[in-house]
Amino acid sequence: MGFLLPTLLVSLFLLFSHQAKAEELNSFANATISSSSSGRKLAGRCNWFRGKWVYDPSYPLYDPSSCPFIDPQFNCQKYGRPDKLYQKYRWQPFTCPLPRFNAMDFLVKYRGKKIMFVGDSLSLNQFNSLACMIHSWVPNTRTSFSKQSAITQITFEDYGLQLFLFRTPYLVDLDRENVGRVLKLDSIKSGDAWRGMDVLVFNTWHWWTHTGSAQPWDYIQERNKLYKDMNRFIAFYKGLTTWARWVNINVNPAQTKVFFLGISPVHYEGRDWNQPAKSCMSETQPFFGLKYPAGTPMAWVVVNKVLSRIKKPVYFLDVTTLSQYRKDAHPEGYSGVMATDCSHWCLPGLPDTWNVLLHAALFG
């Protein structure tokens, strides 16, 4: 990701906030940020997150029409997307090969075990993707599907492998109180459902940016004090710090491997890739430059800062840059849900690469 100077961090925060506290800003300015050491740990001596997209005629990794687990909003071919080129790109690191996905690794090594994705609809994207990637290897195996409240479960019955999705857009609690809907930055009651897993893959960010009618809370609460609003990066930092504290207290590294999925970018504004008149609509090819013009998202800096302070092993799937290149891989107008969707990803598509990286981290 390169280095970000402390003065730049302060400037970015001041740009987005008129009331940010000096001590909170200084906490970000006290260290320069480089690529996450925990992210590098995933790849050993190889940085799997720096590379390029290459055409691969053997892709995609599965046929969407034969996978029963794709949520309709990600099934772009079903809703009439005319091109398929976006399915044909494989991520190739610069300095080493990325191991090919092998579903039997999951089915054999994780026989009788549990993998849970925890987060927002991007977690749903990744959860659907992994289920399809595994199913394509064993299409005749018995499977079961269940959904209850916040938890969705897919089980590969012949292997006892259980995939879970726990929907929680902020990771911290969002409760309905007498005053209204309250986002509680220092509370995680739902974490009880995350215990006992063999692999946890966390994700959050997109909902922290929502305002107006799309904002699902009326107040932010911290230490029993209510706020009508707060600088969203500072709120994100506080919420993520609460999540990190939960991991430190509740995770036994001998039993559970913990991953954090990096910031998944949006492509609503073409100025991010130097084409200001465009959005993701009708884009059919990735961005092929080496340096993405929009640069490093501030949310990535926040994630990196929190991960640098966590005490338990958390492996950073640093997918932000490789995902920034994929302006072509969104549902666009072919989701059956949104008229323009430049935030989620078609399946097959980019989340398959996130899972190739997850697979490499677990088995490479």
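The shown structure was predicted, so the numbers you read here are calculated from the model rather than taken from an experiment.

Inspection of the entire model under this criterion finds four disulfides. In this model, Cys76 is linked to Cys346 through a disulfide, with the two sulfur atoms separated by 2.0 Å. Because the sign of the S-S torsion sets the handedness, a value of about -100° for the bond joining Cys76 and Cys346 places this disulfide among the left-handed ones. With a gap of 270 residues between them, Cys76 in the loop between β1 (51-55) and β2 (89-93) and Cys346 in the loop between α8 (320-324) and α9 (350-363) connect regions that are remote in the sequence. In this pair, the class of Cys76 matches that of Cys346, namely buried. Disulfide pairing places Cys280 opposite Cys342 at an S-S distance of 2.1 Å. Note on the Cys280 and Cys342 pair: the S-S dihedral is about -75°, so by sign convention the disulfide is left-handed. Of this pair, Cys280 sits in the loop between β12 (257-261) and α7 (298-309) while Cys342 sits in the loop between α8 and α9; the two residues are 62 residues apart in sequence, bridging distant segments of the chain. Each member of the pair, Cys280 as well as Cys342, carries the same accessibility label: buried. In the protein, numbering the disulfide-bonded cysteines from first to last in sequence yields the connectivity 1-4, 2-5, 3-8, 6-7.

What follows is about the side chain of Ser323. Mapped onto the elements, Ser323 comes out in helix α8. Exposure remark for Ser323: the relative accessible area of 0% places this residue in the buried category. A polar atom in the side chain of Ser323 sits 3.1 Å from the side chain of Trp354. In this view, Ser323 contacts Pro265, His267, Trp345, Leu350 and Trp354; residues no more than four positions away in its chain are not counted.

The next point concerns the nonpolar core. Counting residues in hydrophobic clusters, the biggest one holds 56 residues, and the most contacted among them are Ile134, Leu161, Leu163 and Leu322. No other element matches the eight residues that helix α5 (residues 121-135) contributes to this core. Judged by nonpolar contacts, the second largest core, of 44 residues, contains Trp194, Val251, Met298 and Val314.

As summarised here, the arrangement of the seven strands in space is β4-β5-β6-β3-β9-β12-β13, forming an open sheet in which the pairing is mixed. What marks the edges here is a single partner per strand, and that holds for β4 (143-148) and β13 (314-317). With direction set aside, neighbouring strand axes in the sheet form an average angle of 15°. The pairing of strand β3 (residues 114-119) with strand β6 (residues 161-167) spans six bridges and is parallel. Residue pairing in the sheet places Val118 in a bridge with Phe166 of β6. In the packing of α7 onto the sheet, the strands contacted are β12 and β13, and the crossing angle to β13 comes to about 160°.

A separate point is the packing of aromatic side chains. For the coordinates displayed, the defined rule picks out 24 aromatic pairs. Aromatic pair Trp205 and Phe233: ring centres 5.5 Å apart, planes at 15°, arrangement stacked. Taken as a pair, Trp205 in the loop between β9 (199-202) and β10 (219-222) and Phe233 in helix α6 (residues 232-250) lie far apart in primary sequence, 28 residues in all. The exposure class of Trp205 is buried, given its relative accessible area of 11%. A cation over a ring is seen here: Lys228 above Tyr219, with NZ or CZ 4.6 Å from the ring centre.

A separate point is the side chain of Thr320. With respect to the helices, strands and loops of the structure, Thr320 is situated in helix α8. Exposure remark for Thr320: the relative accessible area of 0% places this residue in the buried category. From its side chain, Thr320 meets the backbone oxygen of Ile263 in a polar contact 2.8 Å long.

This part takes up the sheet that holds strand β11 (residues 225-227). With mixed pairing, four strands are arranged side by side in an open sheet as β7-β8-β10-β11. Each edge of the sheet is formed by a strand with only one pairing partner; in this case those strands are β7 (173-177) and β11. Taking the axes of each pair of neighbouring strands and ignoring which way they run, one obtains an average angle of 35° across the sheet. Where β10 and β11 come together, three bridges link them in antiparallel fashion. When the sheet's bridge partners are listed, Glu222 is paired in β11 with Lys225.

Definitions and cut-offs
- Residues numbered from 1 in each chain as written.
- Predicted model: local features only at pLDDT ≥ 70, side-chain atom pairs only at ≥ 80, totals over all residues.
- Heavy atoms only, no water.
- Disulfide = S-S within 2.5 Å.
- Helix = DSSP H or I, 4+ residues; strand = E, 2+ residues; numbered from the N terminus.
- Buried < 20%, exposed > 50% of the residue type's maximum accessible area, 1.4 Å probe, protein only.
- Polar contact = N/O pair within 3.5 Å; in protein donor to acceptor, adjacent residues only side chain to side chain.
- Contact = heavy atoms within 4.5 Å.
- Core = buried A, V, L, I, M, F, W, Y, C linked by side-chain atoms within 4.5 Å.
- Pairing = 2+ DSSP bridges.
- Axes fitted to C-alpha atoms, helices over the stretch in contact; angles between N-to-C directions.
- Phe/Tyr/Trp six-rings, centres within 6.5 Å; stacked < 30°, edge-to-face > 60°.
- Lys NZ or Arg CZ within 6 Å of the ring centre and 35° of its normal.

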